[in-house]
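# Coordinate inspection notes
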Amino acid sequence: MASDLVYDAIRAHIEGNWTLTPLDRFFWENEPQPPDGPSMIVVELQGTLYAQVGFGHDEQAENRWDETGVLLVHCMVPEGTGAQFSRQIARTMANLFRGTRLMSQSLEFRDAVIGMGGGLDGAEGNWWGVTVTIDWRRMED
């Protein structure tokens, strides 16, 4: 799980810049699922809480510690409606983070990968989509 600071920054970035679909199509962690509609965008965040990247201080805790992880965005459309809109959502989401830095430049976004299509656990078989995975890193000040 990513830290609250990273989660809040990513959510604010999406909600402040997303224009392809209404924001009510987003399904955030542990919040109510949107009603049936033309799309559902499921957002998950995974990450290390910290990883030591700096060395050399007498006290280990004084070294630099970064947080890394992935943003997973499941771009869902109703089962049987084709893949084109799902892939468009995924490409648009990937481009929303391309070259982006947040949190006073300390949160950067790196590679973005669009995966194979399929269902999503817990969506009761009504949805089909693709997942875009975006790597991120938060560098300690």
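Residues numbered from 1 in each chain as written. Predicted model: local features only at pLDDT ≥ 70, side-chain atom pairs only at ≥ 80, totals over all residues. Heavy atoms only, no water.

## With respect to the packing of aromatic side chains
The relative placement of two aromatic rings is captured by the distance of their centres and the angle of their planes. Under the defined criterion, the tally for this structure stands at 4 aromatic pairs. With 6.3 Å between their ring centres and 75° between their planes, Tyr-7 and Trp-28 make a pair best called edge-to-face. Residue Tyr-7 is located in helix α1 (residues 4-17), and its partner Trp-28 is located in the loop between β1 (26-27) and β2 (40-47); the two are separated by 21 residues in the primary sequence. As far as the burial class goes, Tyr-7 and Trp-28 line up, both buried. For the ring pair Trp-18 and Phe-26, a centre distance of 5.6 Å and an interplane angle of 90° mean the geometry is edge-to-face. This pair shows no difference in class: Trp-18 is buried, exactly as Phe-26 is. Among the aromatic residues, those joined into a ring-pair cluster are Tyr-7, Trp-18, Phe-26 and Trp-28. (Phe/Tyr/Trp six-rings, centres within 6.5 Å; stacked < 30°, edge-to-face > 60°. Helix = DSSP H or I, 4+ residues; strand = E, 2+ residues; numbered from the N terminus. Buried < 20%, exposed > 50% of the residue type's maximum accessible area, 1.4 Å probe, protein only.)

## A word on the nonpolar core
Of all hydrophobic cores here, the largest spans 27 residues; its most connected members are Ile-10, Ile-14, Leu-71, Met-93 and Phe-97. Of all the secondary structure elements, the ones that give two or more residues to this core are α1, β2, β4 (65-78), α2 (84-97), β6 (107-114) and β7 (127-138). If one sorts the elements of this core by residue count, α2 sits on top with 6 residues. Residues in contact with Ile-10, not counting those within four places in the same chain, are Leu-45, Leu-71, Phe-97, Leu-102, Leu-107, Phe-109 and Trp-136. (Core = buried A, V, L, I, M, F, W, Y, C linked by side-chain atoms within 4.5 Å. Contact = heavy atoms within 4.5 Å.)

## Description of unusual backbone geometry
The backbone phi angle of Met-103 is positive, close to 55°, even though this residue is not glycine. With respect to the secondary-structure elements, Met-103 resides in the loop between β5 (101-102) and β6. A relative accessible area of 26% places Met-103 in the partly exposed class. Positive phi, close to 55°, is recorded for Ser-104, a residue that is not glycine. For Ser-104, the position within the fold is in the loop between β5 and β6. Ser-104 gets classed as exposed once you look at its relative accessible area, which sits at 77%.

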